[in-house]
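The residues making up each chain are set out below.
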Amino acid sequence: MKYAIEVEDLTVAYKEKPVLWDVDLNVPEGVLMSIVGPNGAGKTTLIKAMLGLVNTAAGRVSIYGKPYSKQRSLVGYVPQRGSVDWDFPTSVGDVVMMGRYGALGWLKRPGKREVELSLRALEKVGMAKYADRQISQLSGGQQQRVFLARALVQDAKIYLMDEPFQGVDATTERAIVTLLQELRAAGKTVVVVHHDLQTVPEYFDWTALLNVRLIASGPVDTVFTEENLRLTYGGRVSFIKHNGHNTDSDQEKRAEAGGI
Amino acid sequence: MDILSLLNDLLFDYTLRTVALGSAVLGIVSGALGSYAVLRKQSLLGDAMSHAALPGIAIAFLLTGSKISLVLILGAAIAGWIATLIIMSIVRTTRIKYDTALGMILSVFFGFGLVLLTIIQKRPDATQAGLDKFLFGQAAALLERDVITMAILGSVAIATMLVFWKQFKLLSFDPDFGATLGFPMRFLDVVLTTLIVIAIVTGLQTVGVVLMSAMIVAPASAARQWTDRLGPMIFLSAAFGALAGVSGALLSSSISRLPTGPTIVLCVSAIVVLSIFLAPARGLVWSWFRDRRNRGRLRLEGMLEDLYSLALQHKDPGHAHPVSVLRLMSADKGGVDNSLRKLEEQGLVRRVKSEDWALTKEGIEHARQIIKLGVGEGQ
C-alpha cells in the first residue's frame, strides 16, 4: 500500500510533559481519515507535528517518503477556526488568496490568476458572493468554509484539518462532509481531527484513535470498536456501534461522549 | 498666527521646515509600522521599547561623547532591541506572563536610563546639555542632518515593509499557516520587530521616550475605525501620524516652552477621539443614529401590528380604536401619540374621531407585509 503520510516513533513534549508518546501511524493514500480521542490526547499536536509546526522530541514524519519541508506544496492545512483574530482588517477573498502565497514565493504579488483561483475555491464552498465581505461579518460556519476554501486553493494532495466541524450548524456540517467526500473521490488524502464519535462511521472510512499514545488506526470497520474506544477514553464512554445507523439512542450517547 | 504666514514660514523658514519635515517622517514611519503592532496585539511592546531606549542613548553618549543623532539613535535601537529580546525569552523560558515581563523590563531599563542621565548631567563639561530632551522630545532642536538620518532610516523601514507585504500579513493574521507555506515566521517576526524598533528610535528625538509609544498605537487605532482593509489602514495610519506629528511639532515650536512630545500626543489623541466617534460603520455617533432609526422603525411597525390585530377582532381591518387601548398595548407609553402622528404623515393611519384611530388601506397592506416578513424570519 502507498502511504501519503508516515509517522514514526513520534514523541512531542511540552515542558517535560509528553503530549504524544511514540506514535507510529501510516496514512494510506486516498483515505478520508478521522483522528479521535479525548481532550488533551494530542490530536492537534499530531497534525501540527505532521506540518512541522511543533518541535518534536523524537521521531520522524514523512510525506510521500520525504520530509515535510520538501513536500509543502503537496499539503493543505485548515487550522482551528478560533486560532485567528476574525476582526483582522481583510476580506474573505484576501484570506483565501493566502493559500496561494506559498506558490507565489517570496516576492511575487497575487494577480488575476490568483483572484480567479480564489473565487473558484469560494464557489466550491458556496461562498462566492462573500468574496468582498469583511471577515468579521461572517458566522462561525462561514468562517470555517473560508478556511476550507483557503486550503482548496492550495491545490494539494493531502489535506490536514483541525476540527472543521467545531461549532458549525447542521447545514454547514453536511456541506463540509460532502466536500471532504468529493476530495477523497478525486484521489486526495484527507486527515480530520474530529470530536463527534457518533458520526465517525458515517463520515470516514479510516480512523486513528489517540490518547497520547496511538491506540489503533485502520479502516473504521475494524478499528472503531467498543474495546478500542474504551482504551482510548479510559472506559468512561459507553458506546455501542450501530453499524453506521444513527438511532435515537445514538443521540443520547453523543451527548454522553461529548461530555468527556 | 494666520494660515498664510504659517505656510510662508513652512516653505522659507529653515527651522520650521526642518521641524515639519522631521515630524512628518516620524509620523509616517511610526503610523505605518504601528499598524502591525496594534494588529498583532503588541501595542505595549512599543512602550517597553521606547522606555528601554533611554539607557542606550545615555551609554552611546558616554562612550562616544558625541551628540550626533545617528550615534544616539543606534544606541537607542540596540537597547530597545535587547529589552525586547529579554522580554521574549522571559516569556518563553519562565512562567512569567507577557505583560508582567514587559512591565518589569520597561521600568528597569527606564530607571537605569534616568540614573545614567543624572550622572551625565552632573559632569562638569558643557557638552552634555540637551540629552534630557530625549525624555519629552524637542522638535525645535532638530537639525537638517537629523531629518536626513530619520528619512533614510524611515525609507528603509517602509521599503522593507512593502517588500514583505504578503509575509507580514500572514505573520499578523495566521502565523502557523504562514509557517506551513514555508515562510520562516520567526525570522519574519524578528524583521518586523526590528522595523518597529526603527520606527520608534526615529521619533525619540522629537517625541521623547516617555510618550513615543502613543505614536505607534494611536494613529493605527484611529485608522482602524475608518477602514476594513490592511492597505488603506496602513496608509491612513501613516497619514494620521504625519498630521499629528506636524501639527504638534509646529505648535510646540511656535509657543515657547511647550514640550513637543506631549503636544504631538494631544494632537494624535484628538484624531483618535474624532475617529472613534465619527468614523462610518464603527463610529459611535453613526451606530447611535442607526440604533435610534431602527428603534423608531420597529416602534412604528409594532403600532401598525397592534392596530391590525385589534381590527382583526372586529372582522373589519379599517375599524377604529381609541388611543387609550393602543397605550395599553404599547410597551413604551410615551411614544404612542408621536408614533401615530408619524404614521399619519406616511398615510398609513387616519384619525376617525379626536381620540380614535384606524388603519388606511395602505396601512392594512403594510401591516400584512410586516406580519408575513416577521413569520418568515422566525423560520
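As the structure is a prediction and not an experimental result, all values here were calculated from the model.

*Asks:* Explain the overall build of chain A here, please?
*Replies:* In terms of helices and strands, chain A carries 10 helices and 10 strands. Considering chain A as a whole, with its 260 residues, one finds that 53% of them fall into the buried category. Expressed as a percentage of contacts within chain A between residues at least 6 apart in sequence, the contacts between residues at least 24 apart total 68%. Only carbon and sulfur atoms are counted for the fraction: they give 47% of the accessible area of chain A, which is about 11600 Å².

*Asks:* Sorry if this is basic, but what is going on with the interface of chain A and chain B here?
*Replies:* Accessible area lost upon the coming together of the parts serves often as the stated size of an interface. Between chain A and chain B, the residue contacts involve 35 residues of the former and 30 residues of the latter. Summing both sides of the interface, chain A and chain B together bury roughly 2800 Å²; the carbon and sulfur share of this comes to 60%. Contact with chain B buries area across many residues of chain A, yet Phe88, Pro89 and Trp106 of chain A alone supply 27% of it, more than any other trio. The interface formed by chain A and chain B includes 5 salt bridges. Between Asp87 of chain A and Arg224 of chain B there is a salt bridge, and its shortest N-O distance comes to 3.5 Å. If you look at where chain A meets chain B, you find 14 residue pairs in polar contact (both at pLDDT 80 or more). Top element by residues in the side of chain A that touches chain B is helix H3 (residues 101–104) of chain A. It accounts for 3 residues. For the side of chain A that touches chain B, the class distribution of residues is 17 nonpolar, 7 polar and 11 charged.

*Asks:* What is the right way to look at the environment of Val325 of chain B in this model?
*Replies:* Tracing the backbone through its elements, the reader meets Val325 of chain B in helix H15 (residues 323–329). Note: C-alpha distance between Val325 of chain B and Leu340 of chain B (15 residues apart in sequence) is 13 Å.

*Asks:* Looking at this structure, how should I read the domain arrangement of chain B?
*Replies:* Split into domains, chain B comes out as domain 1 (3–281) and domain 2 (286–378). Look at where the C-alpha atoms of domain 1 of chain B and domain 2 of chain B centre, and you get two points 58 Å apart.

*Asks:* Please explain the side chain of Thr11 of chain A as it appears in this structure.
*Replies:* All names here are of chain A. Note on placement: Thr11 falls in strand S1 (residues 3–14). Exposure remark for Thr11: the relative accessible area of 11% places this residue in the buried category. A polar contact of 3.1 Å, which involves the side chain of Thr11, links it to the backbone nitrogen of Asp22. Those residues in contact with Thr11 that sit more than four places away from it in its chain are Leu20, Trp21, Asp22, Thr56, Ala57 and Ala58.

*Asks:* Would you explain helix H1 (residues 43–50) of chain A in this entry?
*Replies:* Three or four residues apart is the spacing at which side chains of an α-helix point the same way, because the helix has 3.6 residues per turn. Residue and element names in this part refer to chain A. Among the 8 residues of H1, 6 are classified as buried, and the element is accordingly described as predominantly covered. Looking at H1, one finds that the buried residues are Lys43, Thr45, Leu46, Ile47, Ala49 and Met50. Two residues or fewer past H1, Gly52 is found with a positive phi of approximately 70 degrees.

*Asks:* Quick question: what am I supposed to make of the sheet that holds strand S3 (residues 356–359) of chain B here?
*Replies:* Each strand in a sheet pairs with another by means of backbone hydrogen bonds, the pair being arranged parallel or else antiparallel. Residues and elements named next belong to chain B. Overall, antiparallel pairing links the 3 strands, which are arranged S1-S3-S2 in an open sheet. The two strands at the open ends of the sheet, each matched to only one other strand, are strand S1 (321–322) and strand S2 (349–351). Looking at chain direction, S2 and S3 are connected through 3 bridges and run antiparallel. Opposite Val349, over in S3, you have Leu359 as the bridge partner. Against the sheet, helix H14 (residues 284–312) engages S1, S2 and S3, with an angle of about 90 degrees to S3. Across the face of the sheet, helix H16 (residues 336–345) comes into contact with S2 and S3 while running at roughly 110 degrees to S2.

*Asks:* Is there a simple way to explain the environment of Asp99 of chain B in this structure?
*Replies:* Here Asp99 of chain B lies in helix H5 (residues 98–122). With 36 residues separating them along the chain, Asp99 of chain B and Leu63 of chain B place their C-alpha atoms 32 Å apart.

*Asks:* Mind showing me how you'd approach the layout of surface pockets here?
*Replies:* Empty space left among the atoms is revealed by rolling a probe the size of a water molecule over them. Considered as a void within the structure, the largest pocket measures approximately 1500 Å³ in volume. Lining the largest pocket are 36 residues, and of these Arg92, Asp176, Met185, Arg186 and Asp189 of chain B lie nearest its centre. If you list the elements that add at least two residues to the lining of the largest pocket, you get S1 of chain A together with helix H4 (69–93), helix H9 (175–180) and helix H10 (185–207) of chain B. Here the lining of the largest pocket takes 7 residues from H4 of chain B, the largest share from any one element. By residue class, the composition of the lining of the largest pocket is 19 nonpolar, 8 polar and 9 charged. Counted as a void, the second largest pocket has a volume near 280 Å³. Within the residue set of the lining of the second largest pocket, elements represented by two or more residues are helix H4 (112–124) and helix H6 (170–185) of chain A. In terms of residue count, H4 of chain A provides more of the lining of the second largest pocket than any other element does, 4 residues in total. In terms of residue class, the lining of the second largest pocket is made up of 8 nonpolar, no polar and 6 charged.

The rules we used
Residues numbered from 1 in each chain as written. Chains lettered and ligands numbered in written order. Predicted model: local features only at pLDDT ≥ 70, side-chain atom pairs only at ≥ 80, totals over all residues. Heavy atoms only, no water. Helix = DSSP H or I, 4+ residues; strand = E, 2+ residues; numbered from the N terminus. Buried < 20%, exposed > 50% of the residue type's maximum accessible area, 1.4 Å probe, protein only. Contact = heavy atoms within 4.5 Å. Areas by Shrake-Rupley, 256 points an atom, 1.4 Å probe, with all protein chains shown as cover. Buried area = accessible area lost by both parts, 1.4 Å probe. Salt bridge = Lys/Arg side-chain N within 4 Å of Asp/Glu carboxyl O. Polar contact = N/O pair within 3.5 Å; in protein donor to acceptor, adjacent residues only side chain to side chain. Nonpolar A, V, L, I, M, F, W, Y, C, P; charged D, E, K, R; others polar. Domains from an automatic or database assignment. Pairing = 2+ DSSP bridges. Axes fitted to C-alpha atoms, helices over the stretch in contact; angles between N-to-C directions. 1 Å grid on protein atoms, 1.4 Å probe; cavity = no way out; pocket = protein on both sides within 12 Å on 5 of 7 lines; lining within 4 Å. Points joined across faces, edges and corners; volume = space filled by probe spheres on them.

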